[in-house]
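Residue-level structure breakdown
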Protein chains: 2
Amino acid sequence: MLDHFFRPRSIAVVGASRSPGKVGHDILKNITRYGYAGAVFPINSEASEILGKKAYPSLSSVPHDIDLAIIVVPPKHVLAVIDQCGERKIDAAVIITAGFKESGLEGSRLEQELVKRAKQAGVRFIGPNCLGIIDTHAMINASFAAGMPVQGGIGFFSQSGALCLAVLDRALPDEIGFSKFISMGNKADLTDTDIMLALAEDDNTKVILGYVEGVADGRKFMEVASLVSQKKPVIILKSGITTSGAKAASSHTGALSGREAAFDAAFKQSGVIRAHTINELFNFAIAFAHQPVPRGPNAAIITNSGGPGILAADACDKSNLQLIPLHKEYVDELRSFLPPVASFYNPIDILGDAGSDRYERTLQTVLKDERINSVMVLLTPTAVVDVAATAQAVIRVANALDRPVLTSFMGKKSVEGSAKTLLKHGIPNYDYPEEMVASLNAMYRYHVWRHKPAKRMQTFEDCRRKAERVFAEAQKENRDRLNDLEVHDVLRAYGFAQPKSLVARTSDEAVAAAKGIGFPVVMKIISPQIMHKSDIGGVRVNLNTKKDIERAFFDITTRVRNIMPTAHIVGVLIQEMVPRGKEVIMGITSDPQFGHLIMFGLGGVYVEVLKDVSFRIAPLSTEDAHEMIRETKAFPLLRGVRGEPEADIEAIEHSLLKLSQMATDFPNIVEADINPLIVRDRGHGVIAIDARFLIGGE
Amino acid sequence: MLDHFFRPRSIAVVGASRSPGKVGHDILKNITRYGYAGAVFPINSEASEILGKKAYPSLSSVPHDIDLAIIVVPPKHVLAVIDQCGERKIDAAVIITAGFKESGLEGSRLEQELVKRAKQAGVRFIGPNCLGIIDTHAMINASFAAGMPVQGGIGFFSQSGALCLAVLDRALPDEIGFSKFISMGNKADLTDTDIMLALAEDDNTKVILGYVEGVADGRKFMEVASLVSQKKPVIILKSGITTSGAKAASSHTGALSGREAAFDAAFKQSGVIRAHTINELFNFAIAFAHQPVPRGPNAAIITNSGGPGILAADACDKSNLQLIPLHKEYVDELRSFLPPVASFYNPIDILGDAGSDRYERTLQTVLKDERINSVMVLLTPTAVVDVAATAQAVIRVANALDRPVLTSFMGKKSVEGSAKTLLKHGIPNYDYPEEMVASLNAMYRYHVWRHKPAKRMQTFEDCRRKAERVFAEAQKENRDRLNDLEVHDVLRAYGFAQPKSLVARTSDEAVAAAKGIGFPVVMKIISPQIMHKSDIGGVRVNLNTKKDIERAFFDITTRVRNIMPTAHIVGVLIQEMVPRGKEVIMGITSDPQFGHLIMFGLGGVYVEVLKDVSFRIAPLSTEDAHEMIRETKAFPLLRGVRGEPEADIEAIEHSLLKLSQMATDFPNIVEADINPLIVRDRGHGVIAIDARFLIGGE
């Protein structure tokens, strides 16, 4: 995929310049200086030669095939160049030029036009407003970045060109190896998903790294990320999560930043490993690029000092990793050569006077225990230890393995060289033990993701058909919400049990209804204008007698008329009192980038005060429903605490799946809540007490 | 303080060696090589000269006064050397020698003996089992670490010698300045508190840094840390959180506490800034060592790139800092010289083509806005920007200020040199924007701590006197818990309102009692052997009639006899039904290092399932009580949600203070719960429904 971007046989630089310091010069220079073997054509209307390459006045005057055009002309000329690309059958372009969507309204219009013209011309492009692209294996540096990373397994794409520069500058002295650098710019044509797919198929790329501020099509992103993350780890730093961050995001590249909950759910559901800082992005990347993924949580720590060992153990405790003691056989083996005051358990403390030989032998012994899935080696630069020899020892032992070995040789002065040696030989070294543990943990979590069973999707027949009329009606009437009877019908269509209920228009009807349903009953005002019925006194519960009903009917209707005189009162709903159970809430909300999200939480306080909810993007798989219930902190309440019976968790899962299907069936649902949904004891199902639906146009 | 350690006029190295590589050699070499101006006496029974210094066979043979002895002889000789120190009136020693408490039982005994003998000899000492001490201003390196840090304002003490080595090794190439390095070793004599006090008084030390695994006397630690942190920032990395383990506890408070909770509370109450990783320890230290503390939360970010700006803004949003827009006047000023597509708000994006002049002018303009308390400068190494010149510009503007300026010049290759220049001129630079924000935030939180009003302690007269008899009685009978009647008396002594109650020994007595109290009532078994009454069916509520009472009496007593046939049944408590209110729980637990902790949480699920509790170490100040209630996530429930009335929060605070005084009055309380404490509406107080007390020997 995208071969003309990453394996072009020839490149034209449109807007190549003779003046050093100009982007059109620097890019041409970068292309020519790092060993690119194909033909390079500077395009410049005034020069006949630039940097030793024959220059041409226009693309049309180049007497050779061109695979890739790098465009650095001013914004107003870009469209014409794209047209020329089309004429020359150049189907790949990188548009470096800025001054498009990121610069305001006029730029935004220009960018729209650019997309249209490129489509007409049959040109796919990266950018505009980007830094360019680098491919270390094809030895192309078509960017104006200073420097070329060494060859390696990390493929990096970034919405921010600045971050490309910073990452590259950080990588160069430590010789951290990259396969590709792709500065995405405004992502007007090729997007994150195109690049992820290309990187997935690129044999030189072992791990995919991304910096993302927002995505245009959340669904596509998830679909592609799910596919790609099955093949290779995808690690993404997502910014703009907060209100102030989001503000900066929209004034930066004009990207709409997705809401945090949507991205979090999307990453979880598609196996994307989320990095929370730039530092983490790096730390995770070098682990994945160089070491195999651990096949289980059991880790061992070898250290020559107590304090850092404890810090590493603390970090493990906060992670999914487990420090298990070695099998007795290997503890005995350790005892045979370590000093008696060493610690033979885990962390294994081989003491401050340990030399490289002791490290090597300990590492060998630990690895004999097949239950140990990964090893972390900690080193403090004591006077005794030969840091370089220890690095060599680790390299010797570790590289013969299919189990990951990570190191944290701490300090800087005494260890910097060895850290580089370690990395060069495939052992990622970390400045601090906490970073090492976090990186190994990310790998382990990826292992777990990779071995999840395939997602199972459940569909419910006929529901859509049964509810269609209701939504059609509401839409025809241009309403933005469903009335109570419609809500009732929709819930019934999707098989949600509801309390028995009847509508009463008079006090007498109410009494009759209550008698029909059986005491005690609940009464609720029915009015399309009233969303939160109980807030205005429109709900009465536990009504036991004829007199109760009559008084309640009078109270409710009077109260509503006083508070909301303009509200249309359809009547009063007489409803059976529902048996006690746990209250949960589930809902639908929509995100501009990802579409419908499904929410789950325990009702009342848990949702409103503690905000203890979980989200997934619809449609939910059965596993999604299973996990999102268990993700809430209050979940143990459903399992039953203090001898309470377990609630019908399976029925909640089922309900979530039905709600998810509802969201899929009716894309014009803007928001919905089923609140409360009463969950009865296991085996006894759930009952939807109340719900509301906001709908929009198609 | 400790002048003979840090300003000795002469030093003896007992156990000095001629053999390079030996600790006794390396230390002597370190002492002599870094400019120490005092006299140095190697003590070695066999050599006449070591490293050009005249050697003496023993301390007694040195014909000069000795201020400080560095002891590196084998463990079995250390005690004799200490005796000789006493004879020579040497009152300060650093014991490097290992083989004491850390090596097992025998070493532990030797260490006890060492402490005794040193006390007799009038010698204070650091160690044993340590790396030594460094004072850059006195130019003493009495350690066997490789290298001497440059002079600076960071005073570091560490329980782990290895961490000293790692920190020093990390600091050397970046020329991070330190005042003192103190490897504490086993802390057998001088402890963290002694060193904190010494560092507090040391004019060269601007910030105190510590690595702590545990403290011997938690109370003293808090007392000293509270004092010192008023004067200078104290930043501590505490490890060993996993060693606390799950301790067997028979109360909620006990189960929810642990050493981690105690340390967390202690740090909060004494103004210690907690670092969570070694990296944070460094990051915070360089900020505090070089820049003034911000006097408010308002921060500005200047950046030459959008992406990193967003990441910094995201980090601010998770912190206590606020990015406020500049005053219009200064926005207009920015507009006058920045390109129109720049972002004038906050983060202020001066664009990728910014040079050092644009940075300087922007920084100057931002600082004109007096509401801005701190500035963070972000730089991505673009082709245009002159990194070194920008560093100089920041140095010029920032150093004339009493407001902090921090930088994150990102990358490595292009910025490493300038980062060093910045630091040399007092501007801490961070590899990543997130680290910069976290460090500034730590400074701001310290500012807040420093400006808290003085703690107010409230005492309650007479409570102790009234409860004394109960505790004395229980202790006399060697019981480990108070019985229900005693609990009642203790609560009454401390002014906790309780439901009306009477004890019934027969069914008839129960009926009579209920009639006296008034229906409805609650009934509870009274037995010293039964802790969780309701778990075994020993509680009945809402009993309305004579018949109810009779049946409940029979049920409860039969049930208890069946389940716990050996339990002694004192009787059944008949209690008034308490008006509805919010249930909270408060308790006392004890920590081996810090003594009594007070816990607070909302009752039931919030405590048991969500573990939403807060801790403080007793005695509580009124502010502690105020804060710990508000620290729980469920706090809004007390304020009242959805139109509910506010609960009597003041009465909760009052109760916490009384509970705290109870803990102080009766040190033999091991654990206590008041659960539930019913909180009525504001102004109506609280009622203690149930409580239990575990007590121990004096």
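Residues numbered from 1 in each chain as written. Chains lettered and ligands numbered in written order. Predicted model: local features only at pLDDT ≥ 70, side-chain atom pairs only at ≥ 80, totals over all residues.

Here we look at the interface of chain B and chain A
Taken together, the contact pairs 65 residues of chain B with 67 residues of chain A. Within the residue set of the side of chain B that touches chain A, elements represented by two or more residues are helix 5 (161–174), helix 10 (278–290), helix 11 (306–317), helix 21 (605–608) and helix 23 (635–639) of chain B. Broken down by element, the residue count for the side of chain B that touches chain A peaks at 10 residues, all from helix 11 of chain B. Within the side of chain B that touches chain A, the residues separate by chemical class into 31 nonpolar, 20 polar and 14 charged. (Contact = placed C-beta atoms within 7 Å. Helix = DSSP H or I, 4+ residues; strand = E, 2+ residues; numbered from the N terminus. Nonpolar A, V, L, I, M, F, W, Y, C, P; charged D, E, K, R; others polar.)

As for the packing of helix 19 (residues 507–517) of chain B against helix 20 (residues 546–563) of chain B
All names here are of chain B. It is the contact of helix 19 with helix 20, at a shortest axis distance of 9 Å, that shows an interaxial angle of 140°. Relative to helix 20, the element helix 19 lies oblique. Pair helix 19 / helix 20 crosses with right-handed handedness. Between helix 19, through Ser507, Ala510, Val511 and Ala514, and helix 20, the contact on the second element is made entirely by Lys546, Ile549, Glu550, Phe553 and Phe554. Each residue belonging to the contact of helix 19 with helix 20 can be placed in one class, and the counts come to six nonpolar, one polar and two charged. (Axes fitted to C-alpha atoms, helices over the stretch in contact; angles between N-to-C directions. Parallel < 35°, antiparallel > 145°, perpendicular 65-115°, else oblique. Left-handed = near helix turned anticlockwise from the far one by under 90°.)

A look at the sheet that holds strand 22 (residues 539–543) of chain A
Residue and element names in this part refer to chain A. Pairing in this open sheet of four strands is antiparallel, and the strands run 20-23-21-22 from one edge to the other. Every interior strand has two partners, whereas the edge strands, strand 20 (501–504) and strand 22, have only one. Between one strand axis and the next, the sheet turns through 20° on average, direction left out of account. For strand 21 (residues 521–526) and strand 22, the ladder comprises three bridges, and the chain directions are antiparallel. By the bridge assignment for strand 22, Lys524 is matched with Val539. (Pairing = 2+ DSSP bridges.)

Some points on helix 15 (residues 416–424) of chain A
Residues and elements named next belong to chain A. Among the residues making up helix 15, those that are buried are Ser418, Ala419, Leu422 and Leu423. Looking straight down helix 15, one finds its buried side chains confined to an arc of 140°; they lie on one side. Considering only its buried residues, helix 15 is in contact with helix 5 (161–174), helix 10 (278–290), helix 14 (387–398) and strand 19 (405–409). Just downstream of helix 15, Gly426 is the residue with a positive phi angle, here 85°. (Buried ≥ 20, exposed ≤ 12 C-beta atoms within 10 Å, placed from the backbone. Arc of directions from axis to C-beta.)

Details of the domain arrangement of chain A
Entries for chain A in the domain assignment read domain 1 (1–129), domain 2 (149–290), domain 3 (293–450), domain 4 (500–577) and domain 5 (582–695). Computed from C-alpha coordinates alone, the two centres of domain 1 of chain A and domain 3 of chain A are separated by 49 Å. (Domains from an automatic or database assignment.)

Considering the sheet that holds strand 11 (residues 178–183) of chain B
Residues and elements named next belong to chain B. Pairing in this open sheet of seven strands is mixed, and the strands run 9-8-11-10-12-13-14 from one edge to the other. Looking along the sheet, the strands with just one partner apiece sit at the ends: strand 9 (140–143) and strand 14 (273–275). If you compare each strand with its neighbour and ignore which way they point, the axes differ by 20° on average. As judged from the three bridges shared by strand 8 (residues 132–135) and strand 11, these two strands associate in the antiparallel manner.

Digging into the pairing of strand 29 (residues 691–695) of chain B
Residue and element names in this part refer to chain B. Taken across its five residues, strand 29 has five buried, putting it largely inside the fold. Neither face of strand 29 is open: one carries Ala691, Phe693 and Ile695, the other Arg692 and Leu694, and all of them are buried. Bridge count between strand 27 (residues 669–679) and strand 29: five bridges; the pairing is antiparallel. Within the sheet, the bridge partner assigned to Glu671 lies in strand 29 and is Leu694.

A word on the relation of the copies chain B and chain A
Mapping one chain copy onto the other needs a rotation about an axis and a shift along that axis. The two copies are related by a screw motion: chain B maps onto chain A through a turn of 180° and a shift of 0.2 Å along the axis, at an RMSD of 0.2 Å. Taken together, the rotation and translation relating the two chain copies correspond to the operation of a two-fold axis. Most of the interface of chain B is mirrored in chain A: 91% of its interface residues are interface residues there too. (Least-squares fit on C-alpha atoms with pLDDT ≥ 70 in both.)

Considerations on the nonpolar core
Ile70 and Ile598 of chain A together with Ile70 and Ile598 of chain B are the most contacted members of the largest nonpolar core, which totals 433 residues. When sequence neighbours within four positions are dropped, the list of residues in contact with Ile598 of chain B reads Met586, Ile588, Phe615, Arg616, Ala618, Leu620, Leu656, Leu659, Ser660 and Ala663 of chain B. Counting 18 residues, the second largest nonpolar core, distinct from the first, contains Ala513, Leu543, Phe553 and Ile574 of chain B. (Core = buried A, V, L, I, M, F, W, Y, C linked by C-beta atoms within 7 Å.)

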